[in-house]
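Breakdown of the fold
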Amino acid sequence: MTFDLRSLGWDPYFAGAYAAYDRPSRRPARVMRVDRGVCTVLRESGAVRASLAGSVLAAAAHDAVALPCVGDWVVVHTWPDRRVTVESVLPRRGCVVRAGAGTASQGGVFAANLDVAAVVEPLDAAPDAGRIERLIALTVDSGARPVVILTKADLVRRPAAIAARLAAAVPDVPVHLVNARTGDGVADLRRYVDHGCTLGLLGFSGAGKSSLVNALAGTTVVNTHALCADGRGRHITTFCVLTPLPGGGVVIDTPGVPMAGRAGIDEGAGRRILSAGRCSGRDRRPGHVVGS
Ligand SMILES: Nc1nc2c(ncn2[C@@H]2O[C@H](COP(=O)(O)OP(=O)(O)OP(=O)(O)O)[C@@H](O)[C@H]2O)c(=O)[nH]1
Ligand SMILES: [Mg+2]
């Protein structure tokens, strides 16, 4: 399988940064997954595992943020014995840090180069406007545009009324109602991956992030699992994973964000709205539930 890099998010910003590295046997690639220091990257020719070159390890010794993370664009070198190494991480347009991590330099990089960061919140588990605001705060400075996706619309009696109440708490942020089981509302999310855009999904374990990835992909690409008897998620997704979608664009699934505490998050930041990304579908009416 081959990929048009533009459908994975390659654009003039990254092409400009890559120009300095363009040499025979080097190619740009996007990080799909990082597993114990080994990256799975997508090149035009498909997915390949790549270990980290000494230059990347040396940079990471000074600052953990220099380590490649999911969503990064990197320069890979294919050696004569067909080994592939990550030689450099191209400058990020932005990255999302973990709740409580404070700053990226504390090593909490979650995912890089998101165009849209979706806060995923299930309707059946007492959705909480404060929690949604805190997750939106995580996207501040990431350069991504925040949206809210309310999942499990089939499990409550008046989903539209709950959505309208939550939407009022996050002015200027589009709010979507989705039922991943039937696919209702999923088509509206596709606008966020138009033109090779990158949609990242953030939310607590069991919120339905991986189910959304599968619904967007139209097939099962990541595992999901029923909740525990007490309604808690099982932390089924333990790595960030980037999935290319049919028709272009990519979605990044993430492990459940820890919900305890709010250290390192500027409360006011959650109320500031990020600058618009380069995606289409910029519906920015205050308190608006998309599709209602
Ligand atoms: N009824 C209903 N169930 C859903 C919906 N979306 C997800 N689920 C179920 O919720 C459970 C958890 O979904 P996941 O997609 O695994 O949740 P997750 O956010 O990826 O969880 P972690 O990987 O643990 O972070 C699964 O049993 C899903 O089938 C929905 O729209 N409606
Ligand atoms: Mg998951």
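Not measured: the values here are computed from a predicted model.

Cut-offs applied
Residues numbered from 1 in each chain as written. Chains lettered and ligands numbered in written order. Predicted model: local features only at pLDDT ≥ 70, side-chain atom pairs only at ≥ 80, totals over all residues. Helix = DSSP H or I, 4+ residues; strand = E, 2+ residues; numbered from the N terminus. Buried ≥ 20, exposed ≤ 12 C-beta atoms within 10 Å, placed from the backbone. Contact = placed C-beta atoms within 7 Å. Near = placed C-beta within 6 Å. Nonpolar A, V, L, I, M, F, W, Y, C, P; charged D, E, K, R; others polar. Core = buried A, V, L, I, M, F, W, Y, C linked by C-beta atoms within 7 Å. Domains from an automatic or database assignment. Pairing = 2+ DSSP bridges. pLDDT = per-residue confidence, 0-100. Axes fitted to C-alpha atoms, helices over the stretch in contact; angles between N-to-C directions. Right-handed = clockwise from strand over helix to strand, strands pointing away.

**As for the overall build of the protein**
Along its length, the protein carries six helices and 14 strands. The buried share among the 292 residues of the protein stands at 47%. Residue pairs at least 24 apart in sequence account for 71% of intrachain contacts in the protein once pairs closer than 6 positions are excluded.

**A look at the site of ligand 1**
Lining the immediate environment of ligand 1, one finds 26 residues, of which Gly208, Ser210, Ser211, Thr224 and Thr237 sit closest. The dominant element in the shell around ligand 1, judged by the number of residues it contributes, is helix α6 (residues 209–217), at three residues. Looking at the shell around ligand 1, its residues break down into seven nonpolar, 14 polar and five charged.

**Notes on the nonpolar core**
Grouped together as the largest cluster of nonpolar side chains are 76 residues, with contacts concentrated most on Val70, Val74, Ala111, Ala118, Val148 and Leu150. Here this core gathers at least three residues from each of two domains, domain 1 (5–89) and domain 2 (95–277). In this view, Leu150 contacts Glu121, Leu123, Pro127, Ala163, Leu166, Val175, His176, Leu177 and Val178; residues no more than four positions away in its chain are not counted.

**Quick word on the pairing of strand β2 (residues 38–43)**
As paired elements, strand β1 (residues 26–35) and β2 share five bridges and run antiparallel to each other. Its bridge partner lying in β2, Arg30 is registered against Leu42. Here β1 folds back onto β2 in antiparallel fashion, the turn holding two residues, of which Arg36 has a positive phi close to 50 degrees. As defined by bridge partners, β2 adjoins strand β3 (residues 46–52) across five bridges and the pair is classed as antiparallel. The residue of β3 that forms the bridge with Val41 is Val48. Count of turn residues in the β2/β3 antiparallel hairpin: two residues.

**Observations concerning the confidence of the model for the protein**
When pLDDT is averaged along the protein, the result is 83; 81% of the residues meet or exceed 70. The secondary-structure element of the protein with the lowest mean pLDDT is strand β14 (residues 289–290), recorded at 62, while strand β4 (residues 73–78) shows the highest, at 98. Low pLDDT (under 50) marks residues 99–107, which in the prediction has 21 contacts with non-local residues, meaning those over four places away or in another chain.

**What to know about the sheet that holds β1**
In space, the five strands of this closed barrel follow the order β1-β2-β3-β5-β4, with mixed pairing throughout. This sheet shows a mean twist of 55 degrees between the axes of neighbouring strands, independent of strand direction. Of the strands in this sheet, β3 and β5 (84–89) are in contact with helix α2 (residues 54–62), which crosses β5 at around 45 degrees.

**Overview of the environment of His77**
Relative to the helices and strands, His77 resides in strand β4. Its 18 C-beta neighbours within 10 Å are what place His77 among the partly exposed residues. Along the sequence, His77 and Arg27 sit 50 residues apart, while their C-alpha atoms lie 6.6 Å from each other.

**Concerning the environment of Gly16**
With respect to the element layout, Gly16 can be found in helix α1 (residues 12–18). Residue Gly16 is classed as exposed on the basis of its 11 C-beta neighbours within 10 Å. Gly16 sits 74 residues away from Leu90 along the chain, and the two C-alpha atoms are 9.8 Å apart.

**Concerning the pairing of strand β9 (residues 145–151)**
Most of β9 sits out of view: seven of its seven residues are buried. Neither face of β9 is open: one carries Arg145, Val147, Ile149 and Thr151, the other Pro146, Val148 and Leu150, and all of them are buried. As judged from the seven bridges shared by strand β8 (residues 116–122) and β9, these two strands associate in the parallel manner. For Glu121, the partnering residue across the bridge sits in β9 and is Leu150. One ladder, built from three bridges, connects β9 with strand β10 (residues 175–177); its direction is parallel. Bridged to Leu150 within β10 is Leu177. With helix α4 (residues 159–169) bridging β9 and its parallel neighbour β10, the resulting β-α-β unit is right-handed.

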